[in-house]
Amino acid sequence: MHTEELLLVTIVAEAIVEHRLVRDVAAAGARGWTVVDARGQGSRGVRADEFEGSNIRLETLVTPQVADRILEVLARDYFPRYAVVAWSTAANVVRPEKYA
Amino acid sequence: MHTEELLLVTIVAEAIVEHRLVRDVAAAGARGWTVVDARGQGSRGVRADEFEGSNIRLETLVTPQVADRILEVLARDYFPRYAVVAWSTAANVVRPEKYA
Amino acid sequence: MHTEELLLVTIVAEAIVEHRLVRDVAAAGARGWTVVDARGQGSRGVRADEFEGSNIRLETLVTPQVADRILEVLARDYFPRYAVVAWSTAANVVRPEKYA
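If you're wondering where the values come from, they're calculated on a predicted model, not measured in any experiment.

Asker: Please explain the relation of the copies chain C and chain B as it appears in this structure.
Answerer: One copy of the chain maps onto the other through a rotation about an axis followed by a shift along the same axis. Overlaying chain C with chain B gives an RMSD of 0.0 Å, the required rotation being 120 degrees about an axis along which the chain moves by 0.0 Å. On the angle and the small slide along the axis, the relation comes out as a three-fold axis. Here only 18% of the contact residues of chain C are again contact residues in chain B; the copies associate through non-equivalent surfaces.

Quick look at the structure:
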């Protein structure tokens with residue numbers, strides 16, 4: 001089975017930003033994404049504002065270059081304003097030609 | 001804490017295939033699985049048909065051998081017909097004897 | 001983009017333990033967590049009792065030390081009593097100062 005290593009970028013954010021976040025992830029070069037409804041609690045930067053409530057969890061399989069662009073957009077446009085958590089993990093993907 | 005490295009195989013597919021997919025994942029040797037409802041968008045192979053709508057996200061912790069069998073079934077029976085994305089990541093599992 | 005490697009600990013459990021599990025994960029040192037509703041099937045230890053039904057899937061980004069504490073609590077208080085599956089994966093986190 002031919003697989004290729006890509007990055008799985010996962011973003012947890014307030015539900016209110018879903019539409020905008022999907023648009024920005026696509027604009028950064030992601031070819032697909034999966035969103036699930038979630039709930040949770042986190043801290044918001046150094047102010048440690050707690051948030052609890054309706055969240056979304058978005059994940060997308062991307063190249064390292066696209067992952068960097070997504071994280072740059074998050075850092076510039078989301079982190080100062082929204083409660084957002086983002087991480088990436090290495091993933092071996094079947095049919096990787098879909099994500100180039 | 002004793003842990004063992006296994007593969008976490010994640011499959012995102014149209015909701016309509018859930019019952020069949022669970023059956024096939026079990027037949028391939030998976031001992032357990034978790035399914036969540038999802039939504040999203042992706043491209044379908046080289047035709048790049050876009051799909052958006054009701055999806056499921058299934059994940060299962062398996063040995064590399066079982067992972068290969070799952071991916072072979074996906075490649076043979078699902079990829080030609082359905083919008084399916086699949087990837088695997090390395091996972092350190094507590095109580096790995098459950099997944100042998 | 002500054003990232004740091006942490007552990008993403010994922011726990012799948014019966015929905016009935018959500019409140020208690022969140023409390024215990026926080027007490028072990030986790031600074032945030034995300035919960036989604038799930039369904040699935042698994043085996044319960046060596047007795048291999050099957051369970052199928054309403055589950056939750058909790059994930060939390062933590063240091064290795066906190067991950068160990070979480071897994072110890074699971075082994076001591078949950079595994080003997082509940083159908084619980086837990087695993088960890090390496091994750092590169094943006095803004096890791098939130099999880100120290």
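Asker: Would you mind showing me how to read the packing of aromatic side chains here?
Answerer: On inspection of all chains with the given rule, the structure shows three aromatic pairs over all chains. For the pair A:Tyr78 and A:Tyr82, a centre-to-centre distance of 5.8 Å together with 50 degrees between the ring planes defines the contact as tilted. Each member of the pair A:Tyr78 and A:Tyr82 is classed as buried. Geometry around C:Tyr78 places C:Arg20 over its ring, the cationic atom sitting 4.8 Å from the centre.

Asker: Is there a simple way to explain the interface of chain B and chain A in this structure?
Answerer: Think of interface size as the accessible area that goes away when the parts come together; that is how it is often given. Taken together, the 22 residues of chain B in the interface contact 23 residues of chain A. For the pair chain B and chain A, the summed buried area comes to about 1900 Å², and 52% of that belongs to carbon and sulfur atoms. Among the residues chain B hides against chain A, the three largest losses belong to B:Arg39, B:Gln41 and B:Trp87. Together they make up 32% of the total. For the interface between chain B and chain A, the tally reads three salt bridges. Inspection of the chain B/chain A interface yields seven residue pairs in polar contact (both at pLDDT 80 or more). Elements represented by at least two residues in the side of chain B that touches chain A include exactly β2 (33-44), α2 (64-78) and β4 (84-94) of chain B. With nine residues, β2(B) is the single largest residue contributor to the side of chain B that touches chain A. As paired elements, strand β4 (residues 84-94) of chain A and β4(B) share two bridges and run antiparallel to each other. The residue bridging A:Val93 from the neighbouring strand is B:Trp87, located in β4(B).

Asker: Any chance you could explain the layout of surface pockets here in plain terms?
Answerer: Empty space among the atoms becomes apparent when a probe as large as a water molecule is rolled across them. The volume enclosed by the largest pocket comes to roughly 160 Å³. In terms of lining, the largest pocket is formed by 14 residues, of which the most central are A:Ala90, B:Thr89, B:Ala90, B:Ala91 and C:Ala90. If you list the elements that add at least two residues to the lining of the largest pocket, you get β4 of chain A, β1 (3-14) and β4 of chain B together with β4 (84-94) of chain C. Broken down by element, the residue count for the lining of the largest pocket peaks at five residues, all from β4(B). Considered class by class, the residues forming the lining of the largest pocket number six nonpolar, six polar and two charged.

Asker: I keep staring at helix α2 (residues 64-78) of chain A and nothing clicks. Help me out?
Answerer: Since the α-helix packs 3.6 residues into each turn, any two residues three or four apart lie on the same face. Residues and elements named next belong to chain A. All of the buried residues in α2 are Val66, Ala67, Ile70, Leu71, Val73, Leu74, Asp77 and Tyr78. The buried residues of α2 all sit within an arc of 155 degrees when viewed along its axis, so they share a single face. In α2, the exposed residues that point more than 90 degrees away from the buried face are Gln65 and Arg76.

Asker: Looking at this structure, how should I read the interface of chain C and chain B?
Answerer: Contact residues are listed per partner, giving 22 residues for chain C and 23 residues for chain B. Both sides together, the interface formed by chain C and chain B hides about 1900 Å², and carbon and sulfur atoms give 52% of it. For the interface between chain C and chain B, the tally reads three salt bridges. The tally of links between chain C and chain B comes to seven residue pairs in polar contact (both at pLDDT 80 or more).

Asker: Mind showing me how you'd approach the pattern of salt bridges here?
Answerer: Between side chains of opposite charge, a pair can form when the charged atoms approach closely. Considering all chains together, one arrives at 21 salt bridges over all chains under this definition. In this structure, the salt-bridge partner of A:Asp37 is B:Arg39, at a minimum N-O distance of 2.9 Å. Highlighted residues: A:Asp37 in strand β2 (residues 33-44) and B:Arg39 in strand β2, drawn from two different chains. One salt bridge connects C:Arg76 with C:Asp77, and the closest N-O pair in it is separated by 3.0 Å.

Asker: Mind showing me how you'd approach the relation of the copies chain B and chain A here?
Answerer: Each copy superposes on the other: chain B lies on chain A with an RMSD of 0.0 Å after a rotation of 120 degrees and an axial shift of 0.0 Å. Counting the interface residues of chain B, we find that no more than 18% of their copies in chain A are interface residues as well, pointing to two distinct contact surfaces.

Asker: How should the environment of B:Ile11 be read in this particular structure?
Answerer: All names here are of chain B. You can see Ile11 is positioned in strand β1. In sequence terms Ile11 and Val85 are 74 residues apart; their C-alpha atoms lie 5.7 Å from each other. In contact with Ile11, not counting residues within four places along its chain, are Leu21, Val25, Ile56, Arg57, Leu58, Ile70, Leu74, Val84, Val85 and Ala86.

Cut-offs and rules
- The residue count restarts for each chain, going from 1 along the sequence in the order it is written.
- Labels are handed out in written order, letters beginning with A for the chains and numbers beginning with 1 for the ligands.
- Local features are withheld for residues below a pLDDT of 70 in this predicted model, meaning they are given only at 70 or higher, and side-chain atom pairs are given and counted only at 80 or more; totals for whole chains, interfaces and linings count all residues.
- Excluding hydrogens and water, the side-chain values take into account all heavy atoms of the structure.
- C-alpha atoms of residues with pLDDT of at least 70 in both copies form the basis for the least-squares superposition of the copies.
- Contacts are residue-level and defined by heavy atoms, with any inter-residue pair within 4.5 Å sufficient.
- Between rings of Phe, Tyr and Trp, where Trp is taken as its six-membered ring, a pair exists when centres lie within 6.5 Å; planes separated by under 30 degrees are stacked, by over 60 edge-to-face, and by other angles tilted.
- Burial classes: relative accessible area under 20% of the type maximum marks a residue as buried, over 50% as exposed, and values in between as partly exposed (1.4 Å probe, protein chains only).
- Sitting over a ring, as applied to charges here, requires NZ of Lys or CZ of Arg to be within 6 Å of the ring centre and within 35 degrees of the ring normal.
- Once two parts are put together, the accessible area they lose, assessed with a 1.4 Å probe and summed over both, is termed the buried area.
- Salt bridge criterion: a side-chain nitrogen from Lys or Arg within 4 Å of a carboxyl oxygen from Asp or Glu.
- Here a polar contact is taken to be a pair of N or O atoms separated by no more than 3.5 Å, where protein atoms must pair a possible hydrogen donor with a possible acceptor and residues adjacent in sequence count only if both atoms sit in side chains.
- Where helices and strands are cited, they refer to DSSP runs of H or I of at least four residues and of E of at least two residues respectively, numbered from the N terminus.
- DSSP-based pairing: two strands are paired if at least 2 bridges between them are found.
- Definitions used for this entry: grid spacing 1 Å over protein atoms alone; cavity, a set of points where a 1.4 Å probe fits but cannot get out; pocket, an open set with protein on both sides within 12 Å along at least 5 of 7 lines; lining residue, one with an atom within 4 Å of a point.
- Grid points are joined across faces, edges and corners, and a volume is the space filled by probe spheres set on the points.
- Three classes are used, and their members are as follows: Ala, Val, Leu, Ile, Met, Phe, Trp, Tyr, Cys and Pro are nonpolar, Asp, Glu, Lys and Arg are charged, and the others, Gly among them, are polar.
- It is the directions from the helix axis to the C-beta atoms whose arc is reported.

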